[in-house]
Amino acid sequence: ITAKKVTKGIQARIPLIVYNGAFVIDNVTGDILIANYFDDSVYGVLDDLFHCEVYPIVYAYREGKEKFSFVPDLCTKGMQMFIDSRKGDIRTNIVKSTDDLKSGNIFYITCIDQPEKLEPLYEKYKDIFHCVYQTDIYTKEQWLEIMPLAASKSYAVGQLKELMNCDRLVVFGDGKNDIDMF
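First things first, this report covers the structure right here in the doc.

Criteria and cut-off values
Residues numbered from 1 in each chain as written. Predicted model: local features only at pLDDT ≥ 70, side-chain atom pairs only at ≥ 80, totals over all residues. Heavy atoms only, no water. Helix = DSSP H or I, 4+ residues; strand = E, 2+ residues; numbered from the N terminus. Expected span 1.5 Å × (residues − 1). Buried < 20%, exposed > 50% of the residue type's maximum accessible area, 1.4 Å probe, protein only. Arc of directions from axis to C-beta. Contact = heavy atoms within 4.5 Å. Axes fitted to C-alpha atoms, helices over the stretch in contact; angles between N-to-C directions. Parallel < 35°, antiparallel > 145°, perpendicular 65-115°, else oblique. Left-handed = near helix turned anticlockwise from the far one by under 90°. Pairing = 2+ DSSP bridges.

Comments concerning helix α5 (residues 153–164)
- Over its 12 residues, α5 extends 16 Å from the first C-alpha to the last, a length consistent with the 16 Å expected when each residue adds 1.5 Å.
- If you check which residues of α5 are buried, you get Lys153, Ala156, Val157, Gln159 and Leu160. All buried residues of α5 fall inside an arc of 165 degrees around its axis, so they share one side.
- Buried positions along α5 lie against β1 (15–18), β2 (23–26) and β3 (32–35).
- Looking one or two places after α5, you find asparagine 165, whose phi comes out positive at around 55 degrees.

Some thoughts on the environment of leucine 163
- Mapped onto the elements, leucine 163 comes out in helix α5.
- Considering only alpha carbons, one finds leucine 163 and glycine 64, 99 residues apart in sequence, at a separation of 24 Å.
- Not counting residues within four places of it along the chain, the set of residues in contact with leucine 163 comprises Leu33 and Ile34.

What to know about the packing of helix α2 (residues 42–51) against helix α4 (residues 115–125)
- Contact geometry for α2 and α4: axes closest at 11 Å, N-to-C directions at 155 degrees. When the axis of α2 is compared with that of α4, the two are roughly antiparallel. Read as a crossing pair, α2 and α4 show a hand that is right-handed. Residue-level contacts link Gly44, Val45, Asp48 and Leu49 of α2 to Leu121, Lys124 and Tyr125 of α4.

A word on the pairing of strand β4 (residues 57–62)
- Taken across its six residues, β4 has six buried, putting it largely inside the fold.
- Residue alternation in β4 divides its side chains into two sets, Ile57, Tyr59 and Tyr61 and Val58, Ala60 and Arg62, and both sets are buried.
- Inspection of the sheet shows β4 paired to strand β7 (residues 105–113) by five bridges, in the antiparallel sense. Paired with tyrosine 59 across the two strands is tyrosine 108, which belongs to β7.
- Relative to strand β5 (residues 65–70), β4 runs antiparallel, the two sharing five bridges. Note that in β5 the partner of alanine 60 across the bridge is lysine 67.
- The loop that links β4 with its antiparallel partner β5 comprises two residues; one of these, glutamate 63, has a positive phi angle of about 50 degrees.

Focus: the sheet that holds strand β9 (residues 142–147)
- Pairing is mixed in the open sheet, where six strands are placed in the order β6-β5-β4-β7-β9-β8. Unpaired on one side and paired on the other, β6 (92–94) and β8 (130–135) mark the two borders of the sheet. Across the sheet, the axes of successive neighbouring strands diverge by a mean angle of 25 degrees, strand direction being ignored.

Concerning the environment of leucine 160
- On the secondary structure map, leucine 160 appears in helix α5.
- Take leucine 160: its relative accessible area is 11%, and that puts it in the buried class.
- Linking leucine 160 and glycine 78, residues 82 residues apart in sequence, is a C-alpha distance of 33 Å.
- If we skip the residues at most four places from it in the chain, leucine 160 touches Pro15, Ile17, Val24 and Ile34.

In structure tokens:
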């Protein structure tokens, strides 16, 4: 949805890898062709984040609609900058409590906070889930993104290659989260 703002007018009729590989979608219809959701272990991860006073933005399909949920009173400055950059986004879902972040089919967790809070969580989960720990190149804020292990751009590229029966791929990107794809 965010990328469509800058690619408006381009009529690419190719599948897209989105959310760091959580999904492959049909660019014309918006249908999900391949999905990589968390299993129930995500609830323990969220409880661990809350225990460490890290309150993420949680992406999930809720009642059949893609939403990103957050508790406004628990947002860091970096989270607020991110949310402000998404004003008017139909995916925005303000919730009242951390328990409300556990709803729906969760596929992506974004933590924007201080490195001293995020780095230990990255170390704990990097071998269990697909984690991207990086300083955002635009805002300089520290991010920790946690996704199902199968949700990576490199894995999604392989899934897409098989789905499309392709021999050759061309990829591009602008962040650390693109390295595994290259």
